[in-house]
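# Chains, contacts and geometry: an overview
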Amino acid sequence: MKEIWKKLLEKLNRASDTEEEFYEELEDRELVIDEEDKKQRITIRGRLPRFCWVVIGNAVVFAALCILYAVCGSHIYSAKTAVREYYGAYADGDWNHVYDACAFPDSEFLSRQSFVNAHSYQGIDSEAPQEIIGFTVKLAQKDEISRFYQIDYRVKGSSEMMSTQVEAVRGKPAGIFFRQWEVIPDGLYMENVEIQIPAQAKLTLDGIALSSEYFITTDNNVDIYRVPYLFCGYHTIALDQEGKDSYREIYKAEEGKPLQILPELRLSETTGAEIADFVIDAVDAVYEAAIGQEAFDVISQYFPSDAIGRNRAEDAYEEFIGNFAGSSNRGVTKLAIRQMDLNVSGEGSSGFDVKADMIFSAEEAYRAWYFYSSTKTYSGTSSLQLKVYTNEADLKVNEGIFGFFENMELDEEDI
């Protein structure tokens with residue numbers, strides 16, 4: 001029995017020792033595992049994730065682009081660059097780019113098309129423009145608002161260096177951080193320009209019909225207009241006047257000089273023929289009515305219908321009858337106008353001046369006791385100074401038609 005218990009205790013002791021060795025070995029293994037895990041965690045903590053590197057890379061590229069944008073923008077949108085581009089376009093005659101580079105006042109008379117046209121007719125008056133063959137730009141003065149640059153240039157055919165100065169100011173925003181610079185043009189446009197045209201004519205300037213807003217006054221048959229701005233250079237002028245041919249021409253506007261547009265507008269063929277036919281008909285009707293001592297109503301359609309005009313014409317007609325055919329002792333019984341030459345001029349809406357030169361033959365009767373006793377035939381010339389109006393539905397003539405005797409000259413053999 002002792003032996004059995006002894007062996008059993010030995011086995012228990014061996015199992016206990018084995019268990020202790022097992023736990024010792026397990027602790028050693030856990031220690032090793034813990035050490036490896038710690039190293040691995042330390043290694044992982046020392047490395048950044050990939051997305052962090054992507055963010056950092058993008059930030060570096062963005063910063064580089066910002067620097068590049070700032071450097072390029074400060075050059076592209078600099079005042080000196082604006083002035084250089086302006087004068088380069090000016091030297092090349094690139095008027096569209098010159099217009100883009102300048103700061104012009106807001107006005108319908110300062111449009112791009114007007115500016116280009118003002119410089120496109122260079123040389124039509126035999127003045128060849130100077131050709132600029134080289135220039136340099138350098139800063140002369142600056143303040144908070146403006147930059148002044150001196151431009152030294154040479155023209156073709158001359159070795160002399162010339163200079164001019166250009167002012168630039170900050171303009172509208174460009175991009176995020178910059179503003180464009182614009183050139184203040186010197187000598188490219190004028191202010192408060194006076195334009196003189198024939199009275200009663202309608203003026204169209206570069207396609208713009210001038211309204212009464214720009215009318216100032218009328219002086220000696222000249223209408224004077226004033227426009228707020230106008231480009232120096234050439235402009236297309238159109239004049240229209242009632243009864244006259246339309247007029248169209250190119251005029252040059254210069255600083256310090258009024259723009260005088262005073263052509264002799266020609267009477268249109270249609271209007272001239274209508275007025276001539278009307279005057280011939282009126283003279284025939286009036287003189288025939290006077291010979292027959294007809295009432296004024298018979299010829300009233302040839303005269304103005306307003307009360308003043310009608311009364312003046314009626315009084316003149318009654319006086320004319322007394323001189324022409326109304327005497328109890330004598331009177332013209334026949335009148336033949338062999339020739340009538342008409343000269344029509346005037347201002348259309350204010351009336352046309354008509355000069356009628358006539359060659360005539362007349363028969364005059366001398367009465368005795370209200371019976372014809374004798375007749376006399378004579379010939380000669382006479383002229384009429386008439387005014388024909390077109391401001392009514394039909395043509396009308398003034399009382400000048402009764403001036404037959406005022407300028408009458410008889411032929412020598414009839415005196």
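Residues numbered from 1 in each chain as written. Predicted model: local features only at pLDDT ≥ 70, side-chain atom pairs only at ≥ 80, totals over all residues. Heavy atoms only, no water.

### Concerning the overall build of the protein
Defined as follows: Elements are defined by DSSP. Helices are runs of H or I of four residues or more, strands are runs of E of two residues or more, and each kind is numbered from the N terminus. Three exposure classes are used, based on accessible area relative to the maximum for each residue type with a 1.4 Å probe and protein chains only: buried under 20%, partly exposed in between, and exposed over 50%. Note on definitions: a residue-residue contact is assigned when non-hydrogen atoms from the two residues lie within 4.5 Å. Residue burial considers only the protein chains on display, and all accessible areas are found by Shrake-Rupley using a 1.4 Å probe.
In terms of regular secondary structure, the protein is built from seven helices and 17 strands. Looking at the protein as a whole, 35% of its 415 residues are labelled buried. Contacts in the protein between residues at least 24 apart in sequence constitute 57% of all its contacts with a sequence separation of at least 6. Accessible area for the protein stands at about 26,400 Å²; split by element, carbon and sulfur atoms hold 50% of it.

### Side note on the pattern of salt bridges
What counts is decided by this rule: When a carboxyl oxygen of Asp or Glu lies within 4 Å of a side-chain nitrogen of Lys or Arg, that pair is called a salt bridge.
Under the criterion given, the structure shown has six salt bridges. For aspartate 100, the salt bridge identified is with arginine 112, shortest N-O distance 2.6 Å. One end of the pair, aspartate 100, is in helix α4 (residues 95-101); the other, arginine 112, is in helix α5 (residues 112-120), and twelve residues separate them in sequence. Residue arginine 112 is classed as partly exposed on the basis of its relative accessible area of 34%.

### Considering the environment of isoleucine 197
On the secondary structure map, isoleucine 197 appears in strand β5 (residues 189-198). We classify isoleucine 197 as buried; its relative accessible area is 0%. Residues isoleucine 197 and aspartate 223, spaced 26 residues apart in sequence, show a C-alpha to C-alpha distance of 5.4 Å. Contacts of isoleucine 197, omitting those with residues within four sequence positions, involve Leu203, Asn221, Val222, Asp223, Tyr225, Leu239, Ile261 and Leu262.

### A few points about unusual backbone geometry
In this model, asparagine 221 sits at a positive phi of 60°, which is unusual for a non-glycine residue. Of note, asparagine 221 is situated in the loop between β8 (215-218) and β9 (222-231). On the accessibility criterion, asparagine 221 (52% relative accessible area) is exposed. One non-glycine residue, glutamine 293, adopts positive backbone phi at about 50°. Tracing the sequence through the fold places glutamine 293 in the loop between α6 (269-291) and α7 (307-324).

### Re the side chain of glutamate 364
Here is the rule: Under this definition, polar contacts are N or O atom pairs within 3.5 Å; protein pairs additionally need one hydrogen-donor-capable and one acceptor-capable atom, and for neighbouring residues in sequence, both atoms have to be side-chain atoms.
Mapped onto the elements of the fold, glutamate 364 is located in strand β14 (residues 352-368). Accessibility expressed as a relative area gives 4% for glutamate 364, which makes it buried. In terms of polar contacts, glutamate 364 uses its side chain to reach the side chain of tyrosine 378, at 3.4 Å.

### Details of the confidence of the model for the protein
Under the convention used in this document: Confidence of the predictor in every single residue is expressed as pLDDT, which spans 0 to 100.
Taken over all residues, the pLDDT of the protein has a mean of 79, while the share at 70 or more is 72%. Below pLDDT 50 for its whole length, residues 68-75 participates in ten contacts with residues either more than four positions away or in separate chains.

### A closer look at a negative patch on the surface
The condition that has to hold: Exposure above 30% relative accessible area and the absence of a salt bridge qualify a residue for a patch, where like charges join within 9 Å and nonpolar side chains (Val, Leu, Ile, Met, Phe, Trp, Tyr) within 5 Å. Counting rule applied: Lys, Arg positive; Asp, Glu negative; His and chain ends not counted. Think of each charge as sitting on NZ of Lys, CZ of Arg, CG of Asp or CD of Glu.
Together, Glu274, Asp277, Asp281, Asp284, Glu288 and Glu294 make up a negatively charged patch on the protein surface. For aspartate 281, the position within the fold is in helix α6. Residue aspartate 281 is classed as partly exposed on the basis of its relative accessible area of 45%.

### Topic: the nonpolar core
For clarity, the threshold we go by: What is meant by a nonpolar core is a set of buried Ala, Val, Leu, Ile, Met, Phe, Trp, Tyr and Cys residues, joined one to another through side-chain atoms within 4.5 Å.
Counting 38 residues, the largest nonpolar core has Val279, Phe303 and Ile401 as its most contacted members. Those elements giving two or more residues to this core turn out to be α6, α7, β13 (330-346), β14 and β15 (371-389). The residues touching valine 279, leaving out its near neighbours within four places in the chain, are Met340, Leu342, Val354, Leu386 and Val388. Listed in part, the 29 residues of the second largest apolar core include Trp95, Ile132, Ile151 and Phe231.

### A few points about the packing of aromatic side chains
How two aromatic rings sit relative to each other is set out by the distance from centre to centre and by the angle between their planes. Put simply, the test is: Pairing of aromatic side chains here covers Phe, Tyr and the six-membered ring of Trp, requires ring centres within 6.5 Å, and sorts the geometry by plane angle: under 30 degrees stacked, over 60 edge-to-face, intermediate tilted.
Using the criterion set out here, one finds 28 aromatic pairs in the structure. Among the aromatic residues, ring-to-ring pairing joins Tyr86, Tyr87, Tyr90, Trp95, Tyr99, Phe104, Phe115, Phe135, Tyr153, Tyr189, Tyr229 and Phe231 into one connected group.

### Some points on the pairing of strand β2 (residues 146-155)
Stated formally: In short, DSSP must find at least two bridges between two strands for them to pair.
In terms of residue burial, β2 counts as a mostly covered element, since eight of its ten residues are buried. Where strand β1 (residues 132-142) meets β2, nine bridges bridge the pair, whose relative direction is antiparallel. Considered in β2, the bridge of valine 137 is made with isoleucine 151. Remark: three residues form the turn of the hairpin made by β1 and β2, two consecutive strands paired antiparallel.

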